[in-house]
Amino acid sequence: MVSTPADGTVLTRAMSGRLGRGVPNRVLRQIEASGVVAPFPVQNWLTGRFRTVASERGVADLQGFWAGQASLLTRDRADAAAVFVELAAGLSVPPRAP
């Protein structure tokens, strides 16, 4: 299971130029430390140039990982069908009218 505690996330503009909560990694820390963040959408375009390649190559330290304050509640699921079964089980469906 992969999870990040709520206090393990940071508010940042480093990846997109817009304020968001993310999991700090090498690239996020380096951009923040530089003190230079372009406004959205320029920053998003700039980081997108290497984020795409990093994703294709599985290099997590060069990707952006957004996470809300409830990131501790996340679960790693390899099977999409299991996720849909879990979602369907949590739905309350009102009875149909005759």
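The preceding data block contains the structure.
Residues numbered from 1 in each chain as written. Predicted model: local features only at pLDDT ≥ 70, side-chain atom pairs only at ≥ 80, totals over all residues. Heavy atoms only, no water.

> Before we go on, may I ask you to explain the overall build of the chain in this structure?
In terms of regular secondary structure, the chain is built from 3 helices and 2 strands. Start at the N end of the chain and walk to the C end: the helices and strands fall as β-β-α-α-α. A total of 98 residues make up the chain; the buried ones form 22% of that total. For the chain, the share of sequence-separated contacts (at least 6 apart) that also reach a separation of at least 24 residues comes to 50%. Working note: accessible area of the chain is about 7,300 Å², and carbon and sulfur atoms make up 59% of it. (Helix = DSSP H or I, 4+ residues; strand = E, 2+ residues; numbered from the N terminus. Buried < 20%, exposed > 50% of the residue type's maximum accessible area, 1.4 Å probe, protein only. Contact = heavy atoms within 4.5 Å. Areas by Shrake-Rupley, 256 points an atom, 1.4 Å probe, with all protein chains shown as cover.)

> Could you clarify how one ought to interpret the environment of F50 in this entry?
Tracing the backbone shows F50 in helix 2 (residues 42-57). On the basis of relative accessibility, which here comes to 28%, the residue F50 falls in the partly exposed class. Considering only alpha carbons, one finds F50 and Q63, 13 residues apart in sequence, at a separation of 8.0 Å. Every residue in contact with F50, bar those within four places of it in the chain, is listed here: V27, I31 and L62.

> Explain a nonpolar patch on the surface here, please?
A cluster of nonpolar residues, V42, W45 and L46, forms a patch on the protein surface that exposes about 300 Å² of accessible area. Tracing the sequence through the fold places W45 in helix 2. Among the residues examined, W45 registers a relative accessible area of 52% and is labelled exposed. (Patch = residues over 30% accessible without salt bridge, like charges linked within 9 Å, V, L, I, M, F, W, Y side chains within 5 Å. Salt bridge = Lys/Arg side-chain N within 4 Å of Asp/Glu carboxyl O.)

> When you look at helix 1 (residues 26-34) in this model, what are you seeing that I'm missing?
Helical geometry note: an α-helix holds 3.6 residues per turn, so side chains three or four residues apart project in the same direction. Along helix 1, the positions that sit buried rather than exposed are V27, L28 and I31. Burial along helix 1 is one-sided: seen end-on, the buried residues are contained in an arc of 100°. Looking at helix 1, the residues exposed on the side facing more than 90 degrees away from the buried face are Q30 and A33. On its buried face, helix 1 is in contact with strand 1 (10-12) and helix 2. G35 sits one or two residues past helix 1 and shows a positive phi near 75°. (Arc of directions from axis to C-beta.)

> Teacher, can you tell me more about unusual backbone geometry here?
Residues other than glycine predominantly adopt negative phi, and peptide bonds predominantly adopt the trans conformation. Note the cis peptide between F40 and P41, where omega equals 5°. Relative to the assigned elements, P41 resides in the loop between helix 1 and helix 2.

> Even after reading the chapter, I still don't get the nonpolar core, so can you show me in this structure?
Within the largest apolar cluster, 5 residues are counted, these being A14, M15, V27, L28 and I31. The residues contacting V27, other than those within four sequence positions of it, are M15, F50, D61, L62 and Q63. (Core = buried A, V, L, I, M, F, W, Y, C linked by side-chain atoms within 4.5 Å.)

> I tried to follow the packing of aromatic side chains on my own but got confused; where do I start?
Aromatic rings considered in pairs are described by the distance between their centres and by the relative angle of their planes. Per the stated rule, a full pass over the model turns up 0 aromatic pairs. The residue whose ring lies beneath R18 is F40, and the NZ or CZ to ring-centre distance is 3.8 Å. (Phe/Tyr/Trp six-rings, centres within 6.5 Å; stacked < 30°, edge-to-face > 60°. Lys NZ or Arg CZ within 6 Å of the ring centre and 35° of its normal.)

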